[in-house]
Amino acid sequence: MKTALITGANRGIGYEVARQLGSKGFHVFVGARDPQKGRDATEALKKEGGIATFVALDVSDSQSITDAVHTVSEIADHLDVLVNNAGILLEEDATVAQLSAETIMKNFQTNTLGPLRVTQAFLPLLLRGNAPRVVNVSSGGGQLSEGMDTWAPAYCLSKTALNAVTGLFAAAVPDISINSVCPGWVRTDMGGASATRSVEEGADTIVWLAADAPEDLTGQFLRDRKRIPW
């Protein structure tokens with residue numbers, strides 16, 4: 001059976017990715033920082049007929065990542081898919097010219113270093129998978145070509161750096177397909193009720209990369225299943 005770990009899978013895009021991969025027959029590991037919310041999401045996925053296991057995982061905490069590897073390893077001897085979805089949008093009322101280092105580093109800790117360290121930690125299990133894949137949930141706000149706007153500068157910086165993580169891993173570990181995705185502006189707790197896309201639309205390219213995209217597609221940035229500029 002194929003296995004997939006999704007970080008931040010208790011709600012929003014992460015939950016929808018878990019739901020869709022579960023419907024495709026994956027054993028889904030539901031990574032969540034909040035134990036109760038993670039268990040509730042896992043039970044909801046099971047009620048829909050999926051095979052799901054809760055994994056306590058705070059991507060900003062090294063010990064939590066180590067513990068999560070141990071939890072998954074006790075159940076599965078391999079990992080086919082890792083979706084680095086957990087993220088935060090923490091800002092202050094300031095442009096990049098006045099932005100504090102503390103705010104920048106808090107965003108980087110979760111949005112950039114989190115996926116980097118989670119991928120490093122799960123690499124041995126991924127390399128035992130069948131055509132393993134890593135999907136990093138990024139943002140168009142991280143694009144150097146088009147995303148240099150004034151909104152959420154700390155968040156945008158962290159996503160630009162996440163895209164660099166994707167490119168570096170793709171070059172360093174050619175046995176794994178690893179890509180970044182911009183899901184668009186999605187109606188989630190982060191995106192808000194005015195967002196233009198549903199969670200199903202936001203999850204579509206992520207699920208496609210995890211389950212159906214060509215195995216040799218790697219080191220790319222995608223939106224709506226198409227490559228976009230970095």
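Scroll up to find the structure.
From a predicted model like this one, the values you see are computed outputs, not experimental measurements.

**Observations concerning the side chain of Thr112**
Step number 1: Examined against the element boundaries, Thr112 turns out to sit in the loop between helix 4 (101-111) and helix 5 (113-126).
Step number 2: With sequence-adjacent residues up to four places away left out, Thr112 is seen in contact with Asn107, Ser158, Ala161, Leu162 and Val165.

**Quick word on unusual backbone geometry**
The general pattern is negative phi for most residues beyond glycine and trans for most peptide bonds.
Step number 1: Of note, the phi angle at Ala131 is positive, near 50°, even though the residue is not glycine.
Step number 2: In this fold, Ala131 is placed in the loop between helix 5 and strand 5 (133-137).
Step number 3: Although it is not a glycine, Ala152 adopts a positive phi angle of roughly 40°.
Step number 4: Among the structural elements, Ala152 can be located in the loop between strand 5 and helix 6 (153-172).

**Comments concerning the packing of helix 3 (residues 62-75) against helix 5**
Step number 1: Put simply, helix 3 and helix 5 touch, their axes get as near as 10 Å, and they point 25° apart. In this view, helix 3 runs roughly parallel relative to helix 5, as classed from their interaxial angle. For the crossing formed where helix 3 meets helix 5, the hand is right-handed. Contacts from Ser62, Ile65, Ala68, Val69, Val72 and Ser73 of helix 3 reach helix 5 at Arg117, Val118, Ala121, Phe122 and Leu125.
Step number 2: The class makeup of the residues in the contact of helix 3 with helix 5 is 8 nonpolar, 2 polar and 1 charged.

**Quick look at the pattern of salt bridges**
Side chains that carry opposite charge are capable of pairing whenever their charged atoms lie near each other.
Step number 1: In this structure the tally under the stated criterion is 7 salt bridges.
Step number 2: Taking the shortest distance from any N to any O, the salt bridge between Glu48 and Arg19 comes out at 3.8 Å. Of this pair, Glu48 sits in the loop between helix 2 (35-47) and strand 3 (51-56) while Arg19 sits in helix 1 (residues 12-23), and the two are 29 residues apart along the sequence.
Step number 3: Residues participating in the shared-partner salt-bridge network are Glu16, Arg19 and Glu48.

Scoring rules and cut-offs
- Residues numbered from 1 in each chain as written.
- Predicted model: local features only at pLDDT ≥ 70, side-chain atom pairs only at ≥ 80, totals over all residues.
- Heavy atoms only, no water.
- Helix = DSSP H or I, 4+ residues; strand = E, 2+ residues; numbered from the N terminus.
- Contact = heavy atoms within 4.5 Å.
- Axes fitted to C-alpha atoms, helices over the stretch in contact; angles between N-to-C directions.
- Parallel < 35°, antiparallel > 145°, perpendicular 65-115°, else oblique.
- Left-handed = near helix turned anticlockwise from the far one by under 90°.
- Nonpolar A, V, L, I, M, F, W, Y, C, P; charged D, E, K, R; others polar.
- Salt bridge = Lys/Arg side-chain N within 4 Å of Asp/Glu carboxyl O.

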